[in-house]
Amino acid sequence: MQETQVEKRKQTKTLFMEALLSSWAAWTALFVMVGVMLSHGNPLISGAAVLIAAILGMNGLARTDMWLTSEGPGWWRKHKFLKIFHHITDEGELAGIFVGVVALIVLFVVGEGSHLHFPYMEAFTLLGIMSAANIAVQYMIPVMGVIEKFFGIRGVLIGGSLLSSLTGEPAASVFLAEYVKKRVNPEDRPKVATGLAATIGSGGGLMPFAAPPILIVYSILVSEFNWGIPTLIAFVGAGCVAHVITSSFWFAKYIKPNEDVHPKIDMKGVALLAMMAVVVLWHIFYPGLALWIFDGALGITSWYLAHKKYKDCSEGLKEDAFTAKWQPIILAVLLVALEIIGVIADPLIASLSHQIPASFPPILIMFTLFFMTAWVSHFADNALASRVFIMVAVVLKGTFGMELGSLFAASVVMGALFGGFLLIPANLPNFYLARAFKVTPGAWVKVSWILYPSGIAYAVWMLMRYYMF
């Protein structure tokens, strides 16, 4: 009995520290940002405050409730209207959206909202591709079974992760998690989840719409550095492939051999997979208004099918139902929120970029930008880190020229792609992976750092790219 009380006190203390560091500090930073902007104060302070609010908030804005109710009643879990909060599985994403909404309101109040760029095209792209993947996910399992038959489980991990460049990273996390999660021992789930986070996080680097850190800055890469898909592949893609292959060695051994006989794909499956392929190709070759309307229709269809599937589900499946219905929409809106947060942070980042001496060797600046972006990506969403630090490359382009500016931009993008594995809020697919493998934030970070040496793949590619000039 005494031991139980000691354990309870320890748990309460842990939750208190999480609330203090994540929730309360985030709320404080958010109030500072609002106060400074409303009083037309220093934009550097408001930029720092909104970044702190977003970073800490996405790691646990609602943890205060966890602490306060850790030993109290859970009456709200059965309340007619409040019970939905018991089934929310996207707290980190919703916290990021909340910070973005507050930032947007303040920008309009102070008269700075009329010139905002809303990445609605990117948001609809993410919504459409992930919704299509949700609809077709069950029919990808037989395809992966064929790949494993010929190339083994590492072939599935590498191929499936690189496939995220076509399906989008959040969608690839759905495919791969569904395929392997039942073949992993409970004690090995954190290793496989974080390993998939690393391979999927890099696997989306071959196309502009697949990885959120690229999707959110691609318009800047095009307008400021004249990038296109060939340039993206030449500067970033090869490093991504190398990292996927390298990091797959860390965790493939924890996935047990396949003992199930996967069903063959019927005509419905063929049709849905063909639909997903058409959606992907449409985004590559013919983006436009008609496509974004279709993306919206896919989002509605995905929600309806998930609602129908989980309409009368048990209490144990309520969280799965919430994820299936809402995650594509939540991630699409989060992408817009991160852009708004980045707008307020731009003056701070531009100021910091001017602190980098022009006398620094370009290769040192490359690696500095890579590790700074990766480090911030560990704690914030890597799309936010990419959006923030790409402005450093834009500023440095004026000093070092277009070619070196492109190298700096590539370093930022690769740093964001690499950095998205260490913590759950570091990359959008991680939220789904953590839920699919039932990995807590603590268990995640205990094993994710082991993957850090896989970053040598990016380092080697950056050196090769630099000496190609």
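Residues numbered from 1 in each chain as written. Predicted model: local features only at pLDDT ≥ 70, side-chain atom pairs only at ≥ 80, totals over all residues. Heavy atoms only, no water.

Draft legend 1. Inspection of the overall build of the chain at higher detail. Assigned secondary structure in the chain consists of 21 helices and zero strands. Counting over 469 residues, the chain shows a buried share of 54%. For the chain, contacts bridging at least 24 residues in sequence account for 82% of all contacts bridging at least 6. Total accessible area on the chain stands at roughly 20,900 Å², and carbon and sulfur atoms take up 69% of it. (Helix = DSSP H or I, 4+ residues; strand = E, 2+ residues; numbered from the N terminus. Buried < 20%, exposed > 50% of the residue type's maximum accessible area, 1.4 Å probe, protein only. Contact = heavy atoms within 4.5 Å. Areas by Shrake-Rupley, 256 points an atom, 1.4 Å probe, with all protein chains shown as cover.)

Draft legend 2. Region of the structure containing the confidence of the model for the chain. Looking at the chain, the pLDDT average stands at 82 and 86% of residues meet or exceed 70. Per-element averaging of pLDDT across the chain places helix α3 (residues 63-68) at the bottom with 44 and helix α9 (residues 189-203) at the top with 94. Predicted confidence for residues 62-73 stays below pLDDT 50, and this span has 24 contacts to residues more than four positions away or in other chains. (pLDDT = per-residue confidence, 0-100.)

Draft legend 3. Inspection of a nonpolar patch on the surface at higher detail. On the surface, Leu-38, Val-101, Ile-105 and Val-109 cluster together into a nonpolar patch covering about 360 Å² of accessible area. Considering each element in turn, the nonpolar patch owes the most residues, three residues, to helix α5 (residues 91-109). Mapped onto the secondary structure, Ile-105 falls in helix α5. (Patch = residues over 30% accessible without salt bridge, like charges linked within 9 Å, V, L, I, M, F, W, Y side chains within 5 Å. Salt bridge = Lys/Arg side-chain N within 4 Å of Asp/Glu carboxyl O.)

Draft legend 4. Just the environment of Leu-348, in detail. Inspection of the secondary structure puts Leu-348 in helix α15 (residues 318-353). In this structure Leu-348 comes out as buried when scored by relative accessible area, which is 16%. For the pair Leu-348 and Ile-45, spaced 303 residues apart in the sequence, the C-alpha separation amounts to 7.8 Å.

Draft legend 5. How the structure looks around the nonpolar core. Membership of the largest hydrophobic core comes to 139 residues, with the highest contact counts inside it found for Met-33, Leu-51, Leu-196, Leu-221, Trp-227, Val-236 and Phe-437. By residue number, the principal contributor to this core is α15, which donates 14 residues. The contact partners of Leu-51, leaving out residues within four places of it in the chain, are Ile-341, Ala-345, Leu-348, Ile-349, Leu-384 and Val-388. (Core = buried A, V, L, I, M, F, W, Y, C linked by side-chain atoms within 4.5 Å.)

Draft legend 6. Representation of the pattern of salt bridges. Within this structure, the stated rule accounts for six salt bridges. Its salt-bridge partner being Asp-188, residue Lys-191 comes within 3.7 Å of it at the nearest N-O pair. Its salt-bridge partner being Asp-346, residue Arg-387 comes within 2.9 Å of it at the nearest N-O pair. Note that Arg-387 is positioned in helix α17 (residues 382-400) and Asp-346 in helix α15, a separation of 41 residues in sequence.

Draft legend 7. Focus on the side chain of Ser-202. On the secondary structure map, Ser-202 appears in helix α9. Judged by its relative accessible area of 0%, Ser-202 falls in the buried class. Contacts of Ser-202, omitting those with residues within four sequence positions, involve Glu-169, Cys-240, His-243, Val-244, Leu-417 and Tyr-458.

Draft legend 8. Looking closely at the packing of aromatic side chains. Under the definition given, this model contains 15 aromatic pairs. Seen in terms of ring centroids, Phe-400 and Phe-408 are 5.4 Å apart; in terms of plane orientation they differ by 90°. Their pairing is edge-to-face. For Phe-408, a relative accessible area of 0% translates into the label buried. Ring centres of Phe-418 and Tyr-452 lie 5.4 Å apart, and the angle between their planes is 90°; this geometry places the pair in the edge-to-face category. With Phe-418 in helix α18 (residues 402-419) and Tyr-452 in the loop between α20 (441-448) and α21 (456-467), this pair connects stretches of sequence that are 34 residues apart. Judged by its relative accessible area of 2%, Phe-418 falls in the buried class. Put simply, the rings of Phe-370, Phe-371, Phe-418, Phe-421, Tyr-452 and Tyr-458 pair up and form one aromatic cluster. One cation-aromatic arrangement involves Arg-154 over Phe-249; the distance from NZ or CZ to the ring centre is 3.7 Å. (Phe/Tyr/Trp six-rings, centres within 6.5 Å; stacked < 30°, edge-to-face > 60°. Lys NZ or Arg CZ within 6 Å of the ring centre and 35° of its normal.)

Draft legend 9. Structural detail: the side chain of Arg-465. The residue Arg-465 is located in helix α21 in this model. Glu-403 is the oppositely charged side chain nearest to the buried, salt-bridge-free Arg-465, at an N-O distance of 8.5 Å. Setting aside anything within four residues of it in sequence, one finds Arg-465 in contact with Ala-234, Phe-235 and Leu-407. (Lys, Arg positive; Asp, Glu negative; His and termini not counted.)

Draft legend 10. Quick look at helix α8 (residues 169-180). Taking 1.5 Å of rise per residue, the 12 residues of α8 would be expected to cover 16 Å, and the 17 Å separating its terminal C-alpha atoms lies within 8% of that figure. The element α8 is extensively covered by neighbouring structure, given that 11 of its 12 residues are classed as buried. For α8, the complete set of buried residues consists of Glu-169, Pro-170, Ala-171, Ala-172, Ser-173, Val-174, Phe-175, Leu-176, Ala-177, Tyr-179 and Val-180. (Expected span 1.5 Å × (residues − 1).)

Draft legend 11. Seen up close, the packing of helix α6 (residues 120-136) against α8. Relative to each other, α6 and α8 sit at 15°, their axes nearing to 8 Å. Here α8 runs roughly parallel to α6, going by the angle between their axes. Regarding α6 and α8, the two cross each other, and that crossing is right-handed. Seen from α6, the contacting residues are Leu-126, Ile-129, Met-130, Ala-133 and Asn-134; seen from α8, they are Pro-170, Ala-171, Val-174 and Phe-175. Each residue belonging to the contact of α6 with α8 can be placed in one class, and the counts come to eight nonpolar, one polar and no charged. (Axes fitted to C-alpha atoms, helices over the stretch in contact; angles between N-to-C directions. Parallel < 35°, antiparallel > 145°, perpendicular 65-115°, else oblique. Left-handed = near helix turned anticlockwise from the far one by under 90°. Nonpolar A, V, L, I, M, F, W, Y, C, P; charged D, E, K, R; others polar.)

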